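Letter by letter, the chains look like this.
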Amino acid sequence: DAKTTQPNSMESNEEEPVHLPCNHSTISGTDYIHWYRQLPSQGPEYVIHGLTSNVNNRMASLAIAEDRKSSTLILHRATLRDAAVYYCILGHSLQGGSEKLVFGKGTKLTVNP
Amino acid sequence: DAGITQSPRHKVTETGTPVTLRCHQTENHRYMYWYRQDPGHGLRLIHYSYGVKDTDKGEVSDGYSVSRSKTEDFLLTLESATSSQTSVYFCAISETGLGYGYTFGSGTRLTVV
């Protein structure tokens, strides 16, 4: 399975934009790119996902490189509640339309007041 | 999370005993998944289901079995618990499978002594 590589940790200041990078150089053509975040003792929370085009939602933006070998999650204005471990994940297709999410080690984001 | 419940939340069991974890959803989603999370490994897929009675193995399925006799429940059974199965187990659901978002449960922390 293709893997993702992320920085172990990043820091940001409150109300500033945050760009979280992810490399996935061995991504296959049908793999989706997902981002989830996780707080201690909680399950992962959906942030955003995409296939080829950039995506925006109320939480974040996802910028996907043209060759799809890397992507960047953009939090437009970080808040203290955005402090979490952010996972860049590749989704591989499985039987019956299912999908396996292959998690990397994640980036721990610290937001300073 | 709303619409998905895992039980029990915590369990301590002895080596060699069978253990069943339950994932219950009220969203009527077709796809359900079991993952385990261990330090240094991120989340890994154990088993998944793409419909009632339609299940298949993930990447770390040895020692686990599943059943899905109705849409809302996906059961994970450790046939004879071992210490290597000490982990946090997460259930995830998805309405439409590949290429869509997932909702994760809050997890079950299982300790095998």
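For the structure, check the block above.
About the thresholds
Residues numbered from 1 in each chain as written. Chains lettered and ligands numbered in written order. Predicted model: local features only at pLDDT ≥ 70, side-chain atom pairs only at ≥ 80, totals over all residues. Heavy atoms only, no water. Pairing = 2+ DSSP bridges. Helix = DSSP H or I, 4+ residues; strand = E, 2+ residues; numbered from the N terminus. Buried < 20%, exposed > 50% of the residue type's maximum accessible area, 1.4 Å probe, protein only. Contact = heavy atoms within 4.5 Å. Buried area = accessible area lost by both parts, 1.4 Å probe. Salt bridge = Lys/Arg side-chain N within 4 Å of Asp/Glu carboxyl O. Polar contact = N/O pair within 3.5 Å; in protein donor to acceptor, adjacent residues only side chain to side chain. Phe/Tyr/Trp six-rings, centres within 6.5 Å; stacked < 30°, edge-to-face > 60°.

**Describing the pairing of strand 7 (residues 64-70) of chain B**
Residue and element names in this part refer to chain B. With 5 bridges joining them, strand 7 and strand 8 (residues 73-78) adopt antiparallel strand pairing. Its bridge partner lying in strand 8, K70 is registered against D73. Hairpin connection, strand 7 to strand 8: the antiparallel pair is bridged by 2 residues.

**Quick word on unusual backbone geometry**
All names here are of chain B. A cis amide bond links S7 with the next residue in sequence, P8, at an omega value of -5°. Tracing the backbone through its elements, the reader meets P8 in the loop between strand 1 (4-7) and strand 2 (10-13). For N28, which is not glycine, the phi dihedral falls at a positive 60°. The class of N28 is exposed, set by a relative accessible area of 63%.

**Things to note about the interface of chain A and chain B**
Taken together, the contact between chain A and chain B spans 23 residues of the former and 25 residues of the latter. Looking only at chain A, the three residues that lose the most surface to chain B are Q95, E99 and F103 of chain A, adding up to 23% of its buried area. Along the contact surface separating chain A from chain B lie 0 salt bridges. Taken together, the links from chain A to chain B amount to 13 residue pairs in polar contact (both at pLDDT 80 or more). When contributions to the side of chain A that touches chain B are tallied by element, the ones reaching two or more residues are strand 3 (32-38), strand 4 (45-50), strand 8 (84-93) and strand 9 (99-103) of chain A.

**So, the packing of aromatic side chains**
We describe a pair of aromatic rings using the distance from one ring centre to the other and the angle between the two ring planes. In the structure shown here, the tally under the stated rule is 11 aromatic pairs over all chains. Ring plane angle 70° and centroid distance 6.0 Å describe the contact between F103 of chain A and Y35 of chain B, whose orientation is recorded as edge-to-face. Taken together, the residues F103 of chain A in strand 9 and Y35 of chain B in strand 4 (residues 31-38) connect one chain to another. By the burial criterion, F103 of chain A is buried, and Y35 of chain B matches it. Where Y64 of chain B meets Y89 of chain B, the ring centres are 6.0 Å apart and the plane angle is 65°; that geometry is what we call edge-to-face.

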